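# Structural overview
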Amino acid sequence: MLIARNRLTLPTTSIKVIQYMSQVKGIPYGISDFNRIRNGNFYFVDKTMYLPLIEKMPSYLFLIRPRRFGKSVFLSMMRTYYDILRQDDFDAYFGDLWIGTHPTGERNKYQVLYFDFSKAGCSMPGADLMTSFNDYCSLIINQFAHVYAAFYDADFKETVKNIESAKSKLAYIEIKAKEKGYPLYLIIDEYDNFTNVILSEHGQQMFHDLTHASGFYREYFKQFKGCLLYTSDAAD
């Protein structure tokens, strides 16, 4: 049996169009990961010239801009810039940006703790709400202990993992980081998402109970402010 296979031959103009389209940068809609944007073929608006200005500001920063203004991407960029584990990647991510030729003394100096509160479960009432929030924070803190374990004593990672309360985990990390002289940088993206959902789904009373007096959300922020050298928050 003879099987003939037809070979498709594209016109030269079509080949050029395909080559051109493969070089066109994409619009990173819905992508908030700075590293993914820089590794992929996406447009990126360089805002790194603001980093030296931020470093001159007080230790606790609150970034508020309209939705889709690039707050999450900016925080993700800060995470890469300040993370001590990313110091060998500086040229790859920032070499062709403004900060690449104007690096600051704070570059890749910190151990970074990065939260995204839009991922913290907040649809359950009462004690389950606190449990859900604690579980999310614990996962992030355990990951922190894993990636920075080499900076601490041999039992650091396991000790953090075995502590039940995320707030207590933070307190332990604070003690150990100060003992070793390591500066910490806290970044919280969508910090208001958790409380906004509580307000809309559970009402003002629960919102008040969580954010006032001895509410667990308020208590967490007391711990945040007490143990970290720099804190950056972004809200929609």
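Rules used in this analysis
- Counting of residues starts from 1 at the beginning of each chain's written sequence and follows it residue by residue.
- Where totals are concerned, whole chains, interfaces and linings use all residues; where local detail is concerned, this predicted model gives features only for residues with pLDDT of at least 70, and gives and counts side-chain atom pairs only at 80 or more.
- Calculation of side-chain values draws on the structure's entire complement of heavy atoms; hydrogens and water are dropped beforehand.
- Numbering of helices and strands runs from the N terminus, with a helix taken as a DSSP run of H or I at least four residues long and a strand as a DSSP run of E at least two residues long.
- Buried means the residue's accessible area, taken with a 1.4 Å probe over protein chains only, is under 20% of the maximum for its type, while exposed means over 50%, and partly exposed covers the values in between.
- In what follows, residue pairs with any heavy atoms lying within 4.5 Å of each other are defined as contacts.
- The Shrake-Rupley method, run with a 1.4 Å probe, gives the accessible areas here. Residue values count only the displayed protein chains as cover.
- Definition used in this section: a nonpolar core is a set of buried Ala, Val, Leu, Ile, Met, Phe, Trp, Tyr and Cys residues joined via side-chain atoms within 4.5 Å.
- Definition of a polar contact: a pair of N or O atoms within 3.5 Å, with one able to donate and the other able to accept a hydrogen when the atoms are protein atoms, and with sequence-neighbouring residues admitted only if both atoms are side-chain atoms.
- By this rule the span expected of a helix is its residue count minus one, scaled by 1.5 Å.
- Nonpolar side chains (Val, Leu, Ile, Met, Phe, Trp, Tyr) are joined into patches within 5 Å and like charges within 9 Å, using only residues with over 30% relative accessible area and no salt bridge.
- We define a salt bridge as a side-chain nitrogen of Lys or Arg found within 4 Å of a carboxyl oxygen belonging to Asp or Glu.

## A word on the overall build of the protein chain
Across its full length, the protein chain holds eleven helices and four strands. Across the 236 residues of the protein chain, 40% fall into the buried class. Considering only contacts in the protein chain between residues 6 or more positions apart, those separated by 24 or more positions represent 70%. A total accessible area of about 14,000 Å² is found for the protein chain, and carbon and sulfur atoms account for 54% of it.

## Regarding the nonpolar core
Residues Met78, Phe94, Phe115, Phe117, Phe133, Phe194 and Phe224 are the most contacted members of the largest nonpolar core, which totals 51 residues. At seven residues, the largest contribution of residues to this core is made by helix α6 (residues 126-147).

## With respect to the environment of Ser32
Residue position: Ser32 is located in the loop between α1 (12-23) and α2 (34-39). A residue is classified by how much of its surface remains accessible, and Ser32, at 37% relative accessible area, is partly exposed. It is 7.1 Å that separates the C-alpha atoms of Ser32 and Ser76, two residues lying 44 residues apart in sequence. Leaving out residues up to four positions away in the same chain, Ser32 has contacts with Ser72, Val73 and Ser76.

## Section: the environment of Phe44
Within the secondary structure, Phe44 is located in the loop between α2 and α3 (51-55). In this structure the C-alpha to C-alpha distance between Phe44 and Ile27, which are 17 residues apart in sequence, comes to 8.6 Å.

## A closer look at the side chain of Ser138
In this structure, Ser138 sits in helix α6. Among the polar contacts listed, one links the side chain of Ser138 to the backbone oxygen of Asn134, at a separation of 2.8 Å.

## Topic: helix α4 (residues 71-82)
Taking 1.5 Å per residue as the helical rise, α4 with its twelve residues ought to reach 16 Å, and the 16 Å between its terminal C-alpha atoms agrees with that figure. Where burial is concerned, most of α4 is hidden: eleven out of the twelve residues are buried.

## Observations concerning the environment of Lys167
The residue Lys167 is located in helix α8 (residues 166-180) in this model. When the C-alpha positions of Lys167 and Asn134 are compared, they lie 8.0 Å apart, and in sequence the two are 33 residues distant. Here Lys167 is in contact with Asn134, Glu219, Tyr220 and Gln223, once residues within four sequence places are set aside.

## As for unusual backbone geometry
The backbone of Asn108 sits at a positive phi, close to 50°, despite the residue not being glycine. As for its placement among the helices and strands, Asn108 is situated in the loop between α5 (90-94) and β2 (111-116). Relative accessible area serves as the criterion here: at 6%, Asn108 is assigned to the buried category.

## A few points about a nonpolar patch on the surface
There is a patch of nonpolar side chains on the surface, built from Met49, Tyr50, Leu53 and Trp98 and spanning about 360 Å² of accessible area. Assignment of secondary structure puts Trp98 in the loop between α5 and β2.

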